[in-house]
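What follows is the residue order along each chain.
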Amino acid sequence: MEDLRKMVSSPNTLPAELPTDGFIPQLRRNCCYIVSAVIINQNKVVLIQEAKLGCRGKWYLPAGRVERGETLIQAAKREVLEEAGLVFSPTRVVGIEGSSPGWMRINFIGEVIGGEIKTHEDKESLQAKWFDIDEVLNSRISLRAGDIIPVIKSAVEQEKTKFTGALPVEIERPNYTISLVVVHDNQNNSISLIEDAEGKFPTAVIPKWNPAGVDRDTLDILEIAQRIFKDQIGLETTSDLKFGGVSSLAHDGRQGNDGIHFTLLYFSPHLSSLDNGYTWQSSNDSCIREFVLSDKVMPLK
């Protein structure tokens, strides 16, 4: 349980000894990450008017591709400044879309800490405006695409429920890897988690091609998790497991590495029998229990 203890005490920590083999992603070559920003204030949301020929004049959230050499947070800040003229401070991830490492969109929500709303045209956008949220959700303006409506709805709902959420951690990774934190609440101020004999979480490389020869882009992250449960941990059925969200998304492109590590959180209603050296380990550490039972996660759409 040492890995989790380190993650609790220091957010910029990942499970130790992650594998480094497998598919090596490179932005603009074999993978694409998109960031978008939801900026809400007093029932209004910022939209930008597109300057691109294919959607010129349409409205959309500030959004764009992550460039090589950037972190996800840096990319979100840059896109908001370029397209909306505002200095943006992300506070959490509203949701991660795409589910496939080859293409993902990370939707941030945050605050304006400077700048002025854009009123002039350039190559990035025609202008930016504050719109009533109801006006956007009811499609009373001409949107570039309706896919931003559920993103804005999620952000509004999270604001109402005081959802804590989380931000990506800035740790560079050369490849795609995934770890599973599987929790059973013992209801006695303790929890149990699945670990191997060395106290490590189930972890695997996400390959470019799976063993059956199916292209990587057709297999999403949750399907890969299901394979780990069955092939690595030995769970016969996973239908009773509840997915809790992405507890950690690690990426840092500043050194030229475009890989990502996903830590997925699952809840089990009972202590299932396990295989391949995995066991349930109990902990009454209040900090660990609070961490895994909180809402400090990133929703995966």
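Residues numbered from 1 in each chain as written. Predicted model: local features only at pLDDT ≥ 70, side-chain atom pairs only at ≥ 80, totals over all residues. Heavy atoms only, no water.

> Break down the overall build of the protein chain for me, with residues and values.
If you tally the helices and strands in the protein chain, you get six helices and 13 strands. Burial status across the protein chain gives 51% buried among its 301 residues. Of all intrachain contacts in the protein chain linking residues separated by at least 6 positions in sequence, the fraction that spans at least 24 positions is 73%. (Helix = DSSP H or I, 4+ residues; strand = E, 2+ residues; numbered from the N terminus. Buried < 20%, exposed > 50% of the residue type's maximum accessible area, 1.4 Å probe, protein only. Contact = heavy atoms within 4.5 Å.)

> Describe the environment of proline 174, listing the residues and the values that go with them.
Looking at the element boundaries, proline 174 is found in the loop between helix H4 (148-160) and strand E8 (176-185). The sequence separation of proline 174 and aspartate 258 amounts to 84 residues, and the corresponding C-alpha distance is 6.3 Å. Ignoring anything within four residues of it in the chain, the contact list for proline 174 reads Thr20, Phe23, Ile24, Pro25, Asn257 and Gly259.

> So what about H4? Which residues, and what values?
With 13 residues, H4 extends 19 Å between its outermost C-alpha atoms, agreeing within 8% with the 18 Å of an ideal straight helix rising 1.5 Å per residue. All buried positions along H4 are accounted for by Ile148, Ile149, Val151, Ile152, Ser154, Ala155 and Gln158. Just downstream of H4, lysine 162 is the residue with a positive phi angle, here 60°. (Expected span 1.5 Å × (residues − 1).)

> An account of the confidence of the model for the protein chain is requested, with residue identities and associated values reported.
Across the protein chain, pLDDT averages 89, with 89% of residues at or above 70. When the criterion is pLDDT under 50, residues 209-218 qualifies, and its contacts beyond four places in sequence or with other chains add up to 16 contacts. (pLDDT = per-residue confidence, 0-100.)

> Outline the pattern of salt bridges, supporting the account with residue identities and numerical values.
All chains considered together, the criterion is met by 16 salt bridges. One salt bridge in this structure joins aspartate 258 and arginine 68, with 3.1 Å as the shortest N-O distance. One end of the pair, aspartate 258, is in the loop between strand E11 (242-250) and strand E12 (260-267); the other, arginine 68, is in the loop between strand E4 (63-65) and helix H2 (72-84), and 190 residues separate them in sequence. With relative accessibility at 1%, the residue aspartate 258 sits in the buried group. Looking at arginine 68, the relative accessible area reads 40%, which means it is partly exposed. A salt bridge links aspartate 122 to lysine 118; its shortest N-O distance comes to 2.6 Å. Note on lysine 118: relative accessible area 3%, which makes it buried. (Salt bridge = Lys/Arg side-chain N within 4 Å of Asp/Glu carboxyl O.)

> Talk me through the state of the cysteines; I want residue IDs and the actual numbers.
Applying the stated criterion across every chain, the model contains zero disulfides. This cysteine, cysteine 32, is not joined by any disulfide, and cysteine 31 carries the nearest cysteine sulfur, 7.6 Å off. (Disulfide = S-S within 2.5 Å.)

> Can you explain a nonpolar patch on the surface? Please cite residues and give values.
Taken together, the side chains of Leu81, Val87 and Ile113 present a nonpolar region at the surface, about 270 Å² in accessible area. Locating leucine 81 in the fold gives a position in helix H2. (Patch = residues over 30% accessible without salt bridge, like charges linked within 9 Å, V, L, I, M, F, W, Y side chains within 5 Å. Areas by Shrake-Rupley, 256 points an atom, 1.4 Å probe, with all protein chains shown as cover.)

> Describe unusual backbone geometry, and please don't skip the residues or the numbers.
Positioned with a positive phi, glutamine 42 is a non-glycine residue whose angle comes to about 50°. Unusually for a residue other than glycine, asparagine 43 sits at a positive phi of about 65°. Considering the arrangement of structural elements, one finds asparagine 43 in the loop between strand E1 (32-41) and strand E2 (44-50). Overall, asparagine 43 belongs to the exposed group, its relative accessible area being 62%.

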